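Summary of the model geometry
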Amino acid sequence: VHPDTVLQIRGCEIQGFSVGVDAFHCSRLSIESCPLIAQNGTGISFDLCVADVIDNLLSGNTLGVNIMRPQDLQFNTMHIERNTIQDGQTGIRFDTNIIQFPGEAAPKIEVHKNNLTGHSAPGTYGIQVMAPFPLITIDATLNWWGAPTGPNSPLNPGANPNADNISEGVNA
């Protein structure tokens, strides 16, 4: 995809894949109202894009949404909202250090109103930030984590056996 491309995928149905949607280096990616169902594989993966992932069903994927090196987040907001992301190894993974440079506005990543379930076993995550020490905190408030008490976190491990796990760097 060309770096200036705005890519919209709406109303699709993708099943039985290794990667359902894989985008690289686009200025804006929008994936809406798509069921992406697999027994293994990655539902949505994007690198060097700012994306909106809204109203999708991601079920049975090893990795639901994989975010690598989002770009221009000081100027744009990334939305991951109103999705059902169930079962699999990880629901949403931020696969890189997302950096806030001195003097820049904080990156804007909104992860709200999602139904994240089936990530309660040890080693699974509803949301995971892949970094030895997260450089920003992902705002993941107002999501359903499989339990009314919220997710299991590093500060509250195993609080509810039905709740999804989250890693460090996620504010729920």
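Structural data are supplied above this passage.
Residue numbers restart at each chain and count upward from 1, following the sequence in its written direction. At least 70 in pLDDT is required for a residue's local features to be given in this predicted model, at least 80 for side-chain atom pairs to be given and counted, and no such filter applies to totals for whole chains, interfaces and linings, which use all residues. Note: side-chain values were computed over all heavy atoms of the structure, leaving out hydrogens and water.

1. Re the state of the cysteines
- Any cysteine sulfur atom paired with another within 2.5 Å is treated as part of a disulfide. On inspection of all chains with the given rule, the structure shows one disulfide.
- Residue Cys12 pairs covalently with Cys34 via a disulfide, S to S 2.4 Å. Taking the sign of the S-S torsion, about 130 degrees here, the bridge from Cys12 to Cys34 comes out right-handed. Placement of Cys12 in the loop between β1 (6-10) and β2 (14-15) and of Cys34 in the loop between β4 (28-32) and β5 (35-37) is noted, with a sequence separation of 22 residues between them.
- The class of Cys34 is buried, set by a relative accessible area of 1%. Secondary structure elements are defined from DSSP: runs of H or I of at least 4 residues count as helices, runs of E of at least 2 residues count as strands, and each element is numbered from the N terminus. Here the term buried applies to any residue with accessible area under 20% of the maximum for its type, exposed to any over 50%, and partly exposed to those in between, with areas from a 1.4 Å probe on protein chains only.

2. Regarding the side chain of Asp164
- In this fold, Asp164 is placed in the loop between β16 (138-139) and β17 (170-171).
- In this tally, Asp and Glu contribute negative charge and Lys and Arg positive charge; neither His nor the terminal groups of the chain are included. Salt bridges, as used here, are contacts in which a Lys or Arg side-chain nitrogen is within 4 Å of a carboxyl oxygen on Asp or Glu. Here Asp164 is buried and forms no salt bridge, its nearest opposite-charge partner Arg93 lying at an N-O distance of 14 Å.
- We call two N or O atoms a polar contact when they sit within 3.5 Å, provided that within protein one can donate a hydrogen and the other can accept it, with sequence-adjacent residues counted only if both atoms are side-chain atoms. Here His119 takes part through its side chain, which lies 2.6 Å from a polar atom of the side chain of Asp164.
- Contacts are assigned to residue pairs that have any heavy atoms within 4.5 Å of one another. Setting aside residues no more than four positions away along its own chain, Asp164 makes contact with Leu116, Thr117, Gly118, His119, Ser120, Gly126, Trp145, Pro151 and Asn152.

3. Observations concerning the sheet that holds strand β14 (residues 115-117)
- Only when DSSP finds a minimum of two bridges between them are two strands counted as paired. Read from one edge of the open sheet, five strands run β2-β5-β8-β11-β14, paired in parallel fashion. On the outer flanks of this sheet lie β2 and β14, each paired with one strand and no other.
- With two bridges connecting them, β2 and β5 associate as parallel partners. By the bridge assignment, Ile14 is partnered in β5 with Leu36.

4. Structural notes on the sheet that holds strand β15 (residues 125-129)
- Spatially, β3-β6-β9-β12-β15 is the arrangement adopted by the five strands of the open sheet, whose pairing is parallel. On the outer flanks of this sheet lie β3 (19-24) and β15, each paired with one strand and no other. Neighbour-to-neighbour, the strand axes of the sheet open up by a mean angle of 5 degrees, direction not taken into account.
- Relative to strand β6 (residues 42-47), β3 runs parallel, the two being bridged by five bridges. In the sheet register, Val19 faces β6, and the bridge partner there is Thr42. The axes are straight lines fitted to the C-alpha atoms, using for helices just the contacting stretch, and the angles between their N-to-C directions are given from 0 to 180°.

5. Some words on the pattern of salt bridges
- Under the definition given, this model contains four salt bridges.
- A salt bridge links Asp52 to Arg28; the shortest N-O distance between them is 2.8 Å. With Asp52 in strand β7 (residues 51-54) and Arg28 in strand β4, this pair connects stretches of sequence that are 24 residues apart. Considered together, Asp52 and Arg28 belong to a single accessibility category, that of buried residues.
- Here Arg82 ties to Glu81 by a salt bridge, and the two come within 3.9 Å at their closest N and O atoms.
- A relative accessible area of 41% places Arg82 in the partly exposed class.
- Within this structure, Asp55, Glu81 and Arg82 form a network of salt bridges that share partners.

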